[in-house]
Amino acid sequence: MPDVMKTLLLNPPSFENFDGGASSRWPATREIESYWYPVWLTYPAGMIPGSRLLDASPHKVNWQQTIQICKDYEFLILFTSTVGLESDVKLIRKIKEANPGLKIAFVGPHGHIKPDETLNASADIDFVTRGEFDHSVVEYAHGKPLSEILGVSYRKDGKIVHNAERPQLHTEELDALPFATDIYKRDLQIERYNVPFLLHPYVSFYTTRGCPALCTFCMWPQTISGHAWRTRSTENVAREVKQALGYFPKMKEIFFDDDTFNIRKDRVLDLCAKFKPLKFQWSSTARVHSDYETVKAMADGGARLFIVGFESGDAQILKNIKKGATVEMGRAFMKNCRKAGVKVHGDFIIGLPGETKDTIQKTIDYAKELDCETIQVSLAHAMPGTELHDTMAQQGFLKVEALADSGGHQLPHIEYPHLSKAEMMAGVNQFYDEYYFRPRVVWRIVKEALWDSHERKRLYHEATEFLQLRAERLKWVRKGGDFDKPMVSVPGTSSASGND
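Just so it is clear, the structure is predicted and the values come from calculations on it, not from any experiment.

Asks: Help me understand the nonpolar core in this model?
Replies: Soluble globular proteins: nonpolar side chains tend toward being buried together. Among the nonpolar cores identified, the biggest contains 118 residues, and Phe 256, Trp 282, Phe 306 and Phe 310 are the most heavily contacted of them. No other element matches helix α16 (residues 421-436), which puts seven residues into this core. Core analysis: the second largest hydrophobic core is formed by 22 residues, Leu 8, Ile 69, Tyr 73 and Val 89 among them.

Asks: Just to check I follow, could you spell out the layout of surface pockets for this structure?
Replies: In this approach a probe as big as a water molecule rolls over the atoms, and the regions it shows empty are the leftover space. Volume-wise, the second largest pocket comes out at about 210 Å³. Forming the walls of the second largest pocket are Glu 33, Tyr 35, Glu 191, Arg 192, Asn 194, His 200, His 454, Lys 457, Arg 458, His 461 and Glu 462. Residues of the lining of the second largest pocket, tallied by class, amount to one nonpolar, four polar and six charged.

Asks: Explain unusual backbone geometry to me, please; I cannot follow it from the model alone.
Replies: Outside of glycine, negative phi angles account for most residues, and trans bonds account for most peptide bonds. The residue after His 200, namely Pro 201, is reached through a cis peptide bond having omega 0°. Along the chain, Pro 201 turns up in the loop between α8 (180-187) and β10 (202-205). Phi is positive for Lys 60, which is not a glycine, with a value near 55°. Here Lys 60 shows up in the loop between β4 (52-55) and α2 (63-70). Residue Lys 279 is not a glycine yet carries a positive backbone phi of 50°. Of note, Lys 279 is situated in the loop between α10 (265-275) and β14 (282-286). Judged by its relative accessible area of 75%, Lys 279 is exposed.

Asks: Where do I start with the packing of aromatic side chains in this structure?
Replies: In this description, an aromatic ring pair is defined by two values, namely the gap between the centres and the angle between the planes. Taken as a whole and assessed by the stated rule, the structure comprises 29 aromatic pairs. Look at Phe 306 and Phe 333: their rings are 6.0 Å apart centre to centre, the planes differ by 35°, and that puts the pair in the tilted class. With Phe 306 in strand β15 (residues 303-311) and Phe 333 in helix α13 (residues 327-340), the pair connects residues that are 27 residues apart, well separated along the chain. Taking the relative accessible area as the measure of exposure, Phe 306 reaches 0% and is therefore buried.

Asks: Sorry if this is basic, but what is going on with the pairing of strand β17 (residues 374-379) here?
Replies: Remember that side chains alternate between the two faces of the sheet whenever the strand is regular. β17 sits mainly inside the fold: five of its six residues count as buried. With helix α14 (residues 357-370) bridging strand β16 (residues 343-350) and its parallel neighbour β17, the resulting β-α-β unit is right-handed.

Asks: What should I look at first to understand the side chain of Ser 122 in this one?
Replies: With respect to the helices, strands and loops of the structure, Ser 122 is situated in the loop between α5 (115-120) and β7 (127-129). Not counting the four nearest positions on each side in its chain, Ser 122 is found in contact with Val 89, Ile 92 and Arg 155.

Asks: Would you mind showing me how to read the pattern of salt bridges here?
Replies: Think of it this way: side chains of opposite charge can pair up when their charged atoms draw near. Per the counting criterion, the structure on display carries 30 salt bridges. A salt bridge links Glu 132 to Arg 230; the nearest nitrogen and oxygen atoms lie 2.6 Å apart. Of this pair, Glu 132 sits in the loop between β7 and α6 (134-141) while Arg 230 sits in strand β12 (residues 230-231), placing them 98 residues apart in sequence. For the residue pair Glu 132 and Arg 230, the accessibility class agrees, reading buried in each case. Between Glu 434 and Lys 368 there is a salt bridge, and its shortest N-O distance comes to 3.0 Å. Of this pair, Glu 434 sits in helix α16 while Lys 368 sits in helix α14, placing them 66 residues apart in sequence. Assessed through its relative accessible area of 24%, Lys 368 is described here as partly exposed. Through salt bridges that share partners, Lys 343, Asp 371, Glu 373, Arg 438, Arg 440 and Arg 444 make up one connected network.

Asks: Sorry, what's going on with empty space enclosed by the protein here?
Replies: Counted by the stated rule, this structure contains seven cavities of 30 Å³ or more. Taken as a whole, the largest cavity holds about 100 Å³ of empty space. If you go around the largest cavity, you meet 13 residues; those closest to its centre are Tyr 43, Leu 174, Leu 177, Tyr 206 and Arg 232. At the level of secondary structure, the elements contributing two or more residues to the lining of the largest cavity comprise β11 (208-209) and α9 (234-247). A class-by-class count of the residues in the lining of the largest cavity yields seven nonpolar, three polar and three charged.

Asks: I keep staring at the sheet that holds β14 and nothing clicks. Help me out?
Replies: The strands making up a sheet associate through backbone hydrogen bonding, with each pair oriented either parallel or antiparallel. Overall, parallel pairing links the six strands, which are arranged β10-β13-β14-β15-β16-β17 in an open sheet. In the strand order of this sheet, the two ends are held by β10 and β17, each with one partner. With direction set aside, neighbouring strand axes in the sheet form an average angle of 20°. Two strands pair when backbone bridges link them, and strand β13 (residues 253-256) and β14 are joined in this way by three bridges, in the parallel orientation. Across the sheet, residue Phe 255 finds its bridge partner in β14, namely Ser 283. Packing against the sheet, helix α11 (residues 292-300) makes contact with β14 and β15, and its axis sits at approximately 140° to β15.

How each quantity is defined
- Residues numbered from 1 in each chain as written.
- Predicted model: local features only at pLDDT ≥ 70, side-chain atom pairs only at ≥ 80, totals over all residues.
- Heavy atoms only, no water.
- Core = buried A, V, L, I, M, F, W, Y, C linked by side-chain atoms within 4.5 Å.
- Buried < 20%, exposed > 50% of the residue type's maximum accessible area, 1.4 Å probe, protein only.
- Helix = DSSP H or I, 4+ residues; strand = E, 2+ residues; numbered from the N terminus.
- 1 Å grid on protein atoms, 1.4 Å probe; cavity = no way out; pocket = protein on both sides within 12 Å on 5 of 7 lines; lining within 4 Å.
- Points joined across faces, edges and corners; volume = space filled by probe spheres on them.
- Nonpolar A, V, L, I, M, F, W, Y, C, P; charged D, E, K, R; others polar.
- Phe/Tyr/Trp six-rings, centres within 6.5 Å; stacked < 30°, edge-to-face > 60°.
- Right-handed = clockwise from strand over helix to strand, strands pointing away.
- Contact = heavy atoms within 4.5 Å.
- Salt bridge = Lys/Arg side-chain N within 4 Å of Asp/Glu carboxyl O.
- Pairing = 2+ DSSP bridges.
- Axes fitted to C-alpha atoms, helices over the stretch in contact; angles between N-to-C directions.

Honestly, that's just the spatial picture; any functional story needs more than this.
Here it is in structure tokens:
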């Protein structure tokens, strides 16, 4: 084994237009094409000399091209997902046929949750990582034996070995990591990344890891990043911001993709004081806990928009999912944002425990009252490894053995005796219709694009895709929730019994 293995870090083309891996909290093929950055893969990429990060889907690199590229490498680090695993296993079989000597590691939440099943899915996988994998794969690339690497699982003498857990990284170690933006500059084209509610082009990275909130449905804190909230120093974050501003003059905003950016007031105020002289525009995730002083400081520091998970307008549902927030807190936060001049993109979920036709309408009314700039409405998905998945399985509400169809599109897989999949999907359509087909909302969206030809083209493209999706959903509901497309099964899940 050479001193440093020639390494490819791959966010794979599991499906066409698949946004499935190394930063997507909801891995799926989006009906409105969009991509998050593969942030998790950038850190080891920056520590392995001569490596390359290949983010296949946004760069339109298909299976055949991926296989050809892999011929030139000795070590492949592939970020897999529950939805994409079956496809990824087929892909690496073709890769190994073309490059038999290639070593392959699977990283990401699925291997963390189910290391045995992931390894058993393919003899081509040499090892999987559990938890944060920044240093695990780097140590292997530098020649360290698997037996000495923390946080990995692998085969030995016909049995699967699970090495001891790797300690999580804290401030000093996080500050010592390479900047994600170094790898974006080296390997990626930022124009390829689009999220409908963010300005284009944008760049995103993390300022923290982990989230102390206990939301039962959220995947990252319950898998690789954990609930322990760990921060980069504000000086370190400000340095990366300055670097990104220099690297990407066409960038219109930075998105801080933390699980919870605004969880601690003193850190937010410190960051915003450092951001203000840089005079740049940014957006971030946010919980509804911040007071007006904090929101105003964020606005003064360049904040344009917050992504906020309101989830539901029903108080009991928020308790059921351990949201740690109330509908009243949501109202107060929106008032503070409106006063400070910060826009809000609201996320809502239909089908969480306790959902009924009445609570769906209550959430629609709540969303219209909040009147966020834009919204996203999702069907509840119980990702393996989450408390929601375990609860739904135990109670027998996981009625479909699939999270996605054969194209990677999300499918409803939770159903209650009093609320069918078709009724929940109809609720999604009703939600969007009641929210967006209001004159002031239509005008609010259109006026943003009146004086910007780039945004006009983008709006037209996204509106066309949205209306096509709306028509498909209506057709699906009329058919009673039957699936036309083949489905991708979820390893380790039984639709008949609901057992994990």
